[in-house]
Amino acid sequence: MIKKAVQTMGQQFGRRSWAEPWKIKMVEPIRVPSRGQRKKALIDAGYNTFLLPSEDVYIDLLTDSGTSAMSDRQWAGIMMGDEAYAGSRNFYHLEEAVQKYYGYRYVVPTHQGRGAEHMISQICITQGQLVPGNMYFTTTRLHQEMAGGTFVDVIIKAAHDPTDLHPFKGDVDLVKLEELIKKEGADKIAYVSLAGTVNMAGGQPVSMGNVKALRVLCDKYGVKVYLDATRMAENAYFIQQQEEGYADKSIAEILKEFCSYTDAAWMSAKKDNLVNIGGWLAVNDRDLFDALRNMVVVYEGLHTYGGMAGRDMEALAIGISESVQDDHIRARVAQVQYLGNLLIEWGVPIMRPPGGHAIFLDAKAFYSHLSQDVFPAQILAAELYLDSGVRSMERGIVSAGRDPATGDHRRPALELTRLAIPRRVYTQAHMDVVAEAIKTVYDVRDQAKGLKMVYEPKVLRFFQARFEPIA
Ligand SMILES: Cc1ncc(COP(=O)(O)O)c(C=O)c1O
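A quick note: this is a predicted structure, and the numbers were derived from the prediction, not measured.

Quick look at the pattern of salt bridges now. Per the counting criterion, the structure on display carries 25 salt bridges. Across the salt bridge formed by Arg215 and Asp219, the nearest N and O atoms sit 3.0 Å from each other. Placement of both Arg215 and Asp219 in helix α8 (residues 208-221) is noted, with a separation of four residues, approximately one turn of the helix. A relative accessible area of 13% places Arg215 in the buried class. Asp373 serves as the salt-bridge partner of Arg411, at 2.7 Å between the closest nitrogen and oxygen. Residue Arg411 is located in the loop between α16 (397-400) and β12 (416-420), and its partner Asp373 is located in the loop between α14 (363-366) and α15 (376-388); the two are separated by 38 residues in the primary sequence. A single salt-bridge network, built from bridges that share partners, covers Asp64, Arg231, Glu234, Asp272, Arg332 and Arg423.

Next up, the structure:
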């Protein structure tokens, strides 16, 4: 019997309900492995969810990267691949889409985001330079370090506090940035590495007011602003919803305006752009473009494919135009918020407010009896998988890695377990299952003992590290 108190999603938010702007044409069956199978899989994977075979996963929220569902238009585009080595027509479609929606002049394709990060870091950073940015991202920082740079965190303080409800926790602390420029001298700054939204801070957005002010500040000192545009369309949604003067602007308009305050962008197209593989770099400066074009042929492929097949570039060009549709972004972010709001309602500690692409459990508060040395976010991801077959990932001390100078663990203020929601893949019912699984693990939180690391790769250790439970 349905109880009176049961409410639709719209009613919960005090508005009329609306639904995803698509219907499902093809499905991929998934199964729930038994508890015994999950236990074995977890041991075999060294308690690292990255090492689980996907066959052993029920609801896969490891990442939103390359896991989105493509539309029928994108699949049709795949059949229109022009697999010419040079000058594929699909490249020109991609170039046109980036120019139209992001507004930069020149486009270089890459196989995925880190291919772009590698090139821009190698070209724009010289040994000993600093790269200030609004919180680090794993691969981005590593490429900056490998080019001889040192990342300096200049995100606002609120970003490091899971309970702070600041609507734009991705904002750059402009005072901190200016102090750094004045202290070190503008020549020592390679560029400002700006990301919208900020993955490691919980998918938190940057405001238009902040990027505008950042532009003014950087112009004053002759410093460039380079944007990690991986989730910039989602960032635009938060500006539309929360920033004065943008309620009547479309996502596409906001995205283009935001990019106009930056000098260049790199992209992991596997996120916002709705493809399973791909990336690009886009710049306004002709000399930088020439340098990137010279480098792309060494590491990725010719400058008109950059590691992608022609069909991938076609799917990407179409994905870009779909990714800036207001209905799509609204449904996408609202699904994340739906899951987040259920957990908040039930008292489960999460990074607040919910961000654009994922819900991040605050593992420090979740397992308040565990020290960071026993990897609370890692064990939380393992426990969640064991309970339900839901796959998440660690975003805490393991992901932060070691300081290259001292060799010590970096100890981030945020110790989070990330549940990233692929775009257009799961339904609200899947979110209910996930929420209940988290609640079940939360109810027995006192029993968790933590993990010890028994194998540690030298770089990006979170991908392949292995752990054993503490008895
Ligand atoms: C913010 C951000 N930048 C860059 C990357 C790297 O992109 P890719 O995984 O396509 O190499 C990612 C991937 O997760 C990301 O989230």
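Ranked by size, the top nonpolar core spans 60 residues in total, and within it Leu94, Tyr102, Leu227, Phe258, Trp280 and Ile320 carry the most contacts. If we skip the residues at most four places from it in the chain, Tyr102 touches Ala97, Ala229, Leu255, Lys256, Cys259, Met267, Asn273, Trp280 and Ile320. Counting 51 residues, the second-largest nonpolar core is a separate cluster that includes Ile59, Leu386, Val398 and Ile421.

Taken together, the side chains of Val297, Val298 and Tyr299 make up a nonpolar region of the molecular surface, amounting to roughly 310 Å² of accessible area. Note on placement: Tyr299 falls in helix α11 (residues 286-299).

Right, let's get into the site of the ligand. Close to the ligand lie 13 residues; Gln112, Arg114, Asp228, Ser268 and Lys271 are nearest. Gly113 has a polar backbone atom sitting 2.8 Å from an oxygen atom of the ligand. In this structure, Ser268 approaches the ligand through a side-chain N or O atom, which is 2.6 Å from an oxygen atom. In the complex, the protein chains occlude 95% of the 390 Å² of accessible area that the ligand would expose alone. Of the residues in the shell around the ligand, the class split is one nonpolar, six polar and six charged.

Our next topic: the sheet that holds strand β11 (residues 393-395). Taking strand neighbours across the sheet as the criterion, the three strands line up as β9-β12-β11 in an open arrangement whose pairing is antiparallel. Each end of this open sheet is capped by a strand with a single partner; those strands are β9 (358-362) and β11. The mean angle between the axes of side-by-side strands here comes to 35°, regardless of whether they run parallel or antiparallel. The sheet strands contacting α15 are β9, β11 and β12, and the helix crosses β12 at an angle near 45°.

Relative to each other, helix α9 (residues 232-242) and helix α10 (residues 251-260) sit at 110°, their axes nearing to 9 Å. Taken together, the axes of α9 and α10 lie roughly perpendicular to each other. From α9, Met232, Ala233, Asn235, Ala236, Tyr237, Ile239 and Gln240 reach across to α10, where they touch Ile251, Ile254, Leu255 and Phe258.

The buried fraction of strand β8 (residues 279-283) amounts to five of the five residues, a majority that puts the element mostly inside the structure. Side chains Gly279, Leu281 and Val283 of β8 all project onto a buried face; the interleaved residues Trp280 and Ala282 project onto the opposite face, where all are buried too. Sheet topology places strand β2 (residues 106-110) next to β8; five bridges connect them, and they run antiparallel. Across the sheet, the residue bridging to Pro109 is Trp280, located in β8. Of the strand pairs in this sheet, strand β7 (residues 264-268) and β8 are connected by five bridges, and their pairing is antiparallel. By the bridge assignment, Ala265 is partnered in β8 with Ala282.

Bringing the packing of aromatic side chains into the picture now. Scanning the model with the defined rule gives twelve aromatic pairs in all. Joined through ring pairs, the aromatic side chains of Phe50, Phe462 and Phe463 make up one cluster. Here Arg141 stacks its cationic end above the ring of Tyr136, 3.9 Å away from the centre of that ring. The ring of Phe462 has Arg395 sitting right over it, with the charged end atom 4.7 Å from the ring centre.

In this structure, Thr63 sits in the loop between β1 (59-60) and α3 (72-78). A relative accessible area of 17% places Thr63 in the buried class. Here the side chain of Thr63 touches Ser65 through a polar contact of 2.8 Å, landing on its backbone nitrogen. Dropping the residues within four chain positions of it, Thr63 is found in contact with Met393, Arg418, Ala420 and Pro422.

This paragraph deals with unusual backbone geometry. Residue Thr197 follows Gly196 across a cis peptide bond; omega there is -10°. The omega torsion across Arg352 and Pro353 is -10°, close enough to zero to call that bond cis. With respect to the secondary-structure elements, Pro353 resides in the loop between α13 (326-345) and β9. Positioned with a positive phi, Leu274 is a non-glycine residue whose angle comes to about 65°. Counting through the fold element by element, Leu274 comes out in the loop between β7 and β8. Looking at Leu274, the relative accessible area reads 0%, which means it is buried. In the Ramachandran plot, Phe375 falls in the positive-phi region, its phi being about 60° despite a non-glycine side chain. For Phe375, a relative accessible area of 4% corresponds to the buried category.

How each quantity is defined
- Along every chain, residues carry numbers that run from 1 in the direction the sequence is written.
- Residues qualify for local features only when their pLDDT is at least 70, as the model is predicted, and side-chain atom pairs are given and counted only at 80 or more; totals for whole chains, interfaces and linings, by contrast, use all residues.
- Processing note: side-chain calculations cover all non-hydrogen atoms of the structure and skip hydrogens and water entirely.
- Any Lys or Arg side-chain nitrogen located within 4 Å of an Asp or Glu carboxyl oxygen qualifies as a salt bridge.
- Working definition: helices are DSSP H or I runs of at least four residues, strands are E runs of at least two. Numbering for both runs from the N terminus.
- Partly exposed residues are those whose accessible area sits between 20% and 50% of the maximum for their type, while under 20% is buried and over 50% is exposed, using a 1.4 Å probe and protein chains only.
- We call a set of buried Ala, Val, Leu, Ile, Met, Phe, Trp, Tyr and Cys residues a nonpolar core when their side-chain atoms join them within 4.5 Å.
- Any two residues whose heavy atoms approach within 4.5 Å at even a single point are treated as in contact.
- Residues enter patches when their relative accessible area tops 30% and they take part in no salt bridge; the joining distance is 9 Å for like charges and 5 Å for the nonpolar side chains Val, Leu, Ile, Met, Phe, Trp and Tyr.
- To measure how exposed things are, a 1.4 Å probe is used in the Shrake-Rupley method; for residues, cover is taken only from the protein chains shown.
- The nearness test applies per residue and asks whether one of its heavy atoms lies within 4 Å of the molecule or strand.
- Two N or O atoms form a polar contact when they lie within 3.5 Å of each other; inside protein one atom must be a possible hydrogen donor and the other a possible acceptor, and for residues adjacent in sequence the pair counts only when both atoms belong to side chains.
- Lys, Arg, Asp and Glu make up the charged group, whereas Ala, Val, Leu, Ile, Met, Phe, Trp, Tyr, Cys and Pro make up the nonpolar group; the residues left over, Gly among them, are polar.
- Here, a strand pair is defined by DSSP locating no fewer than two bridges between the strands.
- The axes used here are C-alpha line fits, helices contributing only the stretch in contact, and every angle between their N-to-C directions lies in the interval 0 to 180 degrees.
- Any angle that falls under 35 degrees is termed roughly parallel, while one over 145 is termed roughly antiparallel, one within 65 to 115 roughly perpendicular, and all others oblique.
- In this scheme Phe, Tyr and Trp rings, the latter by its six-membered ring, pair at centre separations within 6.5 Å, and the angle between planes marks the pair as stacked below 30 degrees, edge-to-face above 60, and tilted otherwise.
- When the NZ atom of lysine or the CZ atom of arginine is within 6 Å of a ring's centre and also within 35 degrees of its normal, the charge is said to sit over that ring.

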